[in-house]
Amino acid sequence: MIMLVSCSQSRELAGRTSGVPFDPAAIFLTWQHDPATTMTIDWHTTPEDGQRGSELHFRKDGETDWKVTHGNWHGFPHSDRIIHRVDLRRLEPATIYHFRFGEDSKEYHFRTMPLDLSDPVRFVTGGDTHHSRHEMSAVAMTYDPDFILWGGDLAYANGTPERVEMWYGWFDGIKENLISEDGRVVPILVAIGNHELFGVRRLQRDGEAWPEEEIEAYLTEHNLWDGKATFFFDLFAFPGRQEAAWGVLDFGDYMSLFLLDSDHNSVPLYQSVTGAQTGWLEAVLKERQDRPHLFPIYHVPAYPSHRSFDGWTNTRIREHWVPLFEKYGVRVAFENHDHTYKRTHPIREGKISEDGIVYMGDGSWGRNPRSGESSDQWYINRFESRIHGIVVTLTADRQEYIMVDDTGEEFDSYTITISP
Ligand SMILES: [Fe+2]
């Protein structure tokens, strides 16, 4: 139910409280539906915050009355934090909305996406972030992005209960760096990576695997299994979520983002590229093939710059997804996982071709960059061992890419003209 609170009432009620305004431990904005008319707002509370409900106040910029809505809450896995979630609908496109978490709360704001590309749209993408190294996020903010797009391997908690604090650090990085000085919270979209999963093989002591009975007891105690995405589904609302880590998000009829799962969340393990996801991918790409800006983002690269070209998932993506990207008009795909910077030549049917797809990555937003063992492969056009983000600016007929490192140096660029 949505209620209205007038400005004078609000001041009166706020005056009853004293001290520092409430400010949640973490704030995370994302989209599950149309980015022009909706916003999903998550915020975390801790036991120190006492009993707080999931009440959220919001108002359009320029209006004085707050609307009050109540969301849902669920537990942060293996933590005493609570995740509160409100999914705002029926908003106006390209509009600023102010929000707060009750009358005693600090105020923030967001902006909805436009319905078309009358004005340029900008986002910054990358992957392989870090629980405590956030310099790249601060640099990304200097470009005033509409949103951030990350392709997996986020906090490196490995789905392990004892590493939950790495998630706290990761969310701290967002709060400290991806909110502007005047309080604009930048929405974030994420894909899944291998470090979002729990792995039995990680249960080691002095380099030795645990005895089997200890593993069994540990899994039972924490409700774990090999390959469980322990935190991911609770921490992130996601477009089209039905316990699958893939989805598509449409921005008007000018852009679609395909958030894909490169062999991570699957039973049996390491097989999510094929089967249902590939069938789904073909259907959603086909429906959108006439749109100018189609961007798949996923964790493991089809065209790696560090790991082997012949790796299991790398090969599977080239066999099962790349022909679909080529068939339905993708011009650029965002890849991650190798902790390097690469930009490939345009590639079609396994060869360099002017009308091919450029693969950009390879995921080093916060991780130490690697040397690039595969950087001399035929498909690599530009390689750097560098922390980076890719700033993408879209107009109706152009895609402009600026690659920037964590010191703010712009070290590569690329432009694609889209023909009608
Ligand atoms: Fe990875």
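Residues numbered from 1 in each chain as written. Predicted model: local features only at pLDDT ≥ 70, side-chain atom pairs only at ≥ 80, totals over all residues. Heavy atoms only, no water.

A. Looking closely at the pattern of salt bridges. Under the criterion given, the structure shown has 27 salt bridges. Note that arginine 59 is salt-bridged to glutamate 107, the shortest N-O span being 3.3 Å. On the criterion of sequence distance, the pair formed by arginine 59 in strand S4 (residues 55-60) and glutamate 107 in strand S9 (residues 107-111) is long-range, its members being 48 residues apart. One salt bridge in this structure joins arginine 386 and glutamate 384, with 3.0 Å as the shortest N-O distance. Each member of the pair, arginine 386 as well as glutamate 384, carries the same accessibility label: buried. Connected through shared salt-bridge partners, Arg343, Arg382, Glu384, Arg386, Asp405, Glu409 and Asp412 make up one network. (Salt bridge = Lys/Arg side-chain N within 4 Å of Asp/Glu carboxyl O. Helix = DSSP H or I, 4+ residues; strand = E, 2+ residues; numbered from the N terminus. Buried < 20%, exposed > 50% of the residue type's maximum accessible area, 1.4 Å probe, protein only.)

B. Broad picture of the sheet that holds strand S11 (residues 147-151). Strand order in this open sheet of six strands is S12-S11-S10-S24-S25-S26, and the pairing throughout is mixed. The sheet terminates laterally at strand S12 (188-191) and strand S26 (410-417), the two strands that pair on one side only. In this sheet, adjacent strand axes meet at a mean angle of 20 degrees when their direction is disregarded. Inspection of the sheet shows S11 paired to S12 by four bridges, in the parallel sense. (Pairing = 2+ DSSP bridges. Axes fitted to C-alpha atoms, helices over the stretch in contact; angles between N-to-C directions.)

C. Region of interest: the sheet that holds strand S7 (residues 82-88). One open sheet accounts for four strands, arranged S2-S3-S7-S6; its pairing is antiparallel. A single partner strand is all that each edge strand has here, and the edge strands are strand S2 (26-30) and strand S6 (72-75). Averaged over all pairs of adjacent strands, the angle between strand axes in this sheet comes to 20 degrees, irrespective of strand direction. Pairing analysis gives seven bridges linking strand S3 (residues 39-45) to S7, with the strands arranged antiparallel. Note that in S7 the partner of aspartate 42 across the bridge is arginine 85. Together, S2 and S3 form the strand contacts of helix H3 (residues 164-177), whose direction differs from that of S2 by roughly 75 degrees. (Contact = heavy atoms within 4.5 Å.)

D. Fine view of the domain arrangement of the protein. Taken as a whole, the protein is organised into domain 1 (3-111) and domain 2 (121-417). A separation of 29 Å is found between the C-alpha centroids of domain 1 and domain 2. Taken residue by residue, the interface counts 32 residues in domain 1 and 35 residues in domain 2. Note on domain 1 versus domain 2: buried area summed over both sides is about 2700 Å², and carbon and sulfur give 61% of it. On the domain 1 side of the interface with domain 2, the three residues burying the most area are Phe28, His78 and Arg111, jointly 26% of the side's total. (Domains from an automatic or database assignment. Buried area = accessible area lost by both parts, 1.4 Å probe.)

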